Each structure stands twice: as C-alpha cells, then as structure tokens.
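Commentary on secondary and tertiary structure
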Amino acid sequence: MGKPKLASDVIKVSERELKQTCEEFLSALQNMSQLIFLRLNSGDIIIGEAEARRRVRCCPPGTSDNIVIIPNPSRVIFVEYKSKKGKQSREQKAFENTVVGQKHDYWLVSDFDPFKEAIAEILRRR
C-alpha cells in the first residue's frame, strides 16, 4: 500500500486559497498568544484622493508573504506560498538567500497540511 494522498494532491488549490488558509491558521494561533504573525506586502499603494493622494512604498519586491515569530526560544520563519505549479521569482530567490544567509528559516509552502504539522511540532517542542 502506497503513501496516503493529501487533500491537496486530489483537489487543486490556488496560491491565493493556500495563503488564505495558512493565514487563518496563523491568526488563530496568534489570537491564542502562541506566536506573532505578520502579513507583508511588496510594491506601492496609493492612499487618499486628489491633492491628498500619496504613494506609500511597502516591502521590497521578493519579500516573503509572512513572517512568523515563535517565542521561547525565539524562532523567526519567513513564509512564501506557492501553488504546486508556482515558481519563485528571481527577487524571491534572492530574498530567500538573504534570509537563509542570516541563519533564519525560509519556508516555501505549497501544501497546508505539512505546514500546519510543522508549526504544531515547533509549538509542542517549546
């Protein structure tokens, strides 16, 4: 008998849906004071109207989708979500190299179940 299939092996999940599911999970853990979870946005946004309008720069291109901070002992995990067929951009790969070079974790997540299990395991070991 082979390895059991994960739901994501059978059901096609978009990157947007994966990100939303993972962020809901992280939000629940944050609400229980288990971790700190930050959503990051890259690029620029326009705020205001007419003369009060201004451009605000967010994170640089390639920045991960989320940062997860788990206390006691402190652990910082940068999380990038991709669908099963998704590929990292050149900027995302460069950001990953920077993060890993500074001895932080960088997770490229394409499936909710292993992500959830990995976070749960870290929380259990604290």
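Everything quoted here is computed from the prediction, not taken from an experiment. (Residues numbered from 1 in each chain as written. Predicted model: local features only at pLDDT ≥ 70, side-chain atom pairs only at ≥ 80, totals over all residues. Heavy atoms only, no water.)

1. Comments concerning the sheet that holds strand β4 (residues 66–70)
Strand pairing in a sheet takes place through backbone hydrogen bonds and is either antiparallel or parallel in direction. Strand order in the open sheet formed by four strands is β1-β4-β5-β6, and the pairing between neighbours is mixed. Unpaired on one side and paired on the other, β1 (36–39) and β6 (105–109) mark the two borders of the sheet. Here the strands of the sheet are splayed against their neighbours by 20° on average, with no regard to which way each runs. Contacts from helix α3 (residues 90–101) reach β5 (75–81) and β6, with the element oriented near 145° to β6. (Pairing = 2+ DSSP bridges. Helix = DSSP H or I, 4+ residues; strand = E, 2+ residues; numbered from the N terminus. Axes fitted to C-alpha atoms, helices over the stretch in contact; angles between N-to-C directions. Contact = heavy atoms within 4.5 Å.)

2. Let's talk about the pattern of salt bridges
In the structure shown here, the tally under the stated rule is nine salt bridges. R57 is paired through a salt bridge with D44; the nearest N and O atoms lie 3.4 Å apart. A residue pair is termed long-range when its members are at least 10 positions apart, and R57 in strand β3 (residues 54–57) and D44 in strand β2 (residues 44–47) qualify at 13 residues. You can call D44 partly exposed: its relative accessible area is 30%. When salt bridges with common partners are traced through the structure, they connect K19, E23 and R39 into a single cluster. (Salt bridge = Lys/Arg side-chain N within 4 Å of Asp/Glu carboxyl O. Buried < 20%, exposed > 50% of the residue type's maximum accessible area, 1.4 Å probe, protein only.)

3. What to know about the confidence of the model for the protein chain
In this model, the protein chain carries an average pLDDT of 91, and 91% of its residues clear a pLDDT of 70 or more. At the low end of the mean pLDDT range in the protein chain sits helix α1 (residues 7–10), at 54; at the high end sits β6, at 98. (pLDDT = per-residue confidence, 0-100.)

4. A few points about the pairing of β4
Counting buried positions along β4 yields four of five residues, so the element is predominantly enclosed. As paired strands, β1 and β4 are joined by four bridges and run antiparallel to one another. Pairing of F37 across the sheet is with V68, part of β4. Where β4 meets β5, five bridges bridge the pair, whose relative direction is antiparallel. Bridging from a neighbouring strand, I69 pairs with V76 of β5. In this antiparallel pair of consecutive strands, β4 and β5, the connection spans four residues, and N72 shows a positive phi of 55°.

5. Topic: the environment of I119
Within the secondary structure, I119 sits in helix α4 (residues 112–125). Aside from chain neighbours lying at most four places away, what touches I119 is F25, L29, L35, V68, I70, I77 and W107.

6. Details of the pairing of β5
Within β5, five of the seven residues are buried, leaving the element largely enclosed by the surrounding structure. Of the strand pairs in this sheet, β5 and β6 are connected by five bridges, and their pairing is parallel. Its bridge partner being in β6, I77 is matched across the sheet by D105. With α3 bridging β5 and the parallel β6, this β-α-β connection has right-handed handedness. (Right-handed = clockwise from strand over helix to strand, strands pointing away.)

7. Observations concerning the packing of helix α2 (residues 15–31) against α4
Remark: α2 packs on α4, axes separated minimally by 10 Å, with the N-to-C direction vectors making an angle of 20°. In terms of orientation, α2 lies roughly parallel with respect to α4. Considering only the axes of α2 and α4, their crossing is right-handed. Within the contact between the two elements, α2 uses L18, T21, C22, F25, L26 and L29 and α4 uses F112, F115, K116, I119 and L123. Classifying every residue of the contact of α2 with α4 gives nine nonpolar, one polar and one charged. (Parallel < 35°, antiparallel > 145°, perpendicular 65-115°, else oblique. Left-handed = near helix turned anticlockwise from the far one by under 90°. Nonpolar A, V, L, I, M, F, W, Y, C, P; charged D, E, K, R; others polar.)

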